[in-house]
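Residues per chain are reported as follows:
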Amino acid sequence: MLHSDDLETWTHKGFVFPEGEAPEWTAHGRPVGDYWAPEMARCGDEYWLVYTADHPLGP
């Protein structure tokens, strides 16, 4: 996750899914752990994250 107050200077704030903690249904590993179009929204006292993710091939 990146944060900016001016949309020019960005600070790394961490990862949504730290290594080894991605959802089980997504593809895993550096070359295949692909996520697109993330959107984060504050809902009351929580933050919700919506994203598209690559799914592993096979049964």
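Position numbers for residues count from 1 along each chain, tracking the sequence in the order it is written. Totals for whole chains, interfaces and linings use all residues, but because this is a predicted model, local features are given only for residues with pLDDT of at least 70 and pairs of side-chain atoms are given and counted only at 80 or more. Hydrogens and water are ignored here; the side-chain numbers use all heavy atoms of the structure.

1. A closer look at the overall build of the protein
- Labels follow the DSSP assignment, with helices taken as runs of H or I lasting at least four residues and strands as runs of E lasting at least two, numbered in each case from the N terminus. Helix and strand content of the protein: zero helices and four strands.
- Reading the protein from its N terminus to its C terminus gives the helix and strand order β-β-β-β.
- By residue count, 10% of the 59 residues in the protein fall in the buried class.
- Within the protein, contacts between residues at least 6 apart in sequence are counted, and of these 25% link residues at least 24 apart.
- Looking at the protein as shown, the accessible area adds up to about 5400 Å², and 57% of this sits on carbon and sulfur atoms. Using a 1.4 Å probe on the protein chains alone, a residue whose accessible area is under 20% of its type maximum counts as buried, one over 50% counts as exposed, and one in between counts as partly exposed. Whether two residues are in contact is decided by their heavy atoms, any of which lying within 4.5 Å being enough. Each accessible area is a Shrake-Rupley estimate made with a 1.4 Å probe; only the visible protein chains count as cover when residues are assessed.

2. A few points about the confidence of the model for the protein
- With 81% of its residues at a pLDDT of 70 or more, the protein shows a mean pLDDT of 80.
- Taking the mean pLDDT of every element in the protein, the minimum, 82, falls on strand β3 (residues 35-43) and the maximum, 94, on strand β2 (residues 11-12). Scored between 0 and 100, pLDDT is the confidence that the predictor attaches to each residue.

3. Points about the side chain of Ser4
- Structurally, the position occupied by Ser4 is in the loop between β1 (2-3) and β2.
- For Ser4, a relative accessible area of 15% corresponds to the buried category.
- Polar contact is defined as a pair of N or O atoms within 3.5 Å, subject to the rule that within protein one atom must be able to donate a hydrogen and the other to accept it, and that residues adjacent in sequence are counted only when both atoms are side-chain atoms. For Ser4, the side chain forms a polar contact with the side chain of Asp6, separated by 3.1 Å.
- Polar contacts involving the side chain of Ser4 include one to the main-chain carbonyl oxygen of Thr9, which spans 2.8 Å.
- Non-local contacts of Ser4, meaning those with residues more than four positions away in its chain, are made with Thr9 and Trp10.

4. Describing the pairing of strand β4 (residues 46-53)
- Two strands make a pair as long as DSSP finds a minimum of two bridges between them. Looking at chain direction, β3 and β4 are connected through seven bridges and run antiparallel. Looking at β4, one finds that Trp36 is bridged to Thr52.
- In this antiparallel pair of consecutive strands, β3 and β4, the connection spans two residues, and Gly44 shows a positive phi of 65°.

5. Points about unusual backbone geometry
- In this structure, Leu7 is a non-glycine residue whose phi angle is positive, near 60°.
- Looking at where Leu7 falls in the secondary structure, it is placed in the loop between β1 and β2.
- When its relative accessible area of 64% is taken as the criterion, Leu7 is described as exposed.

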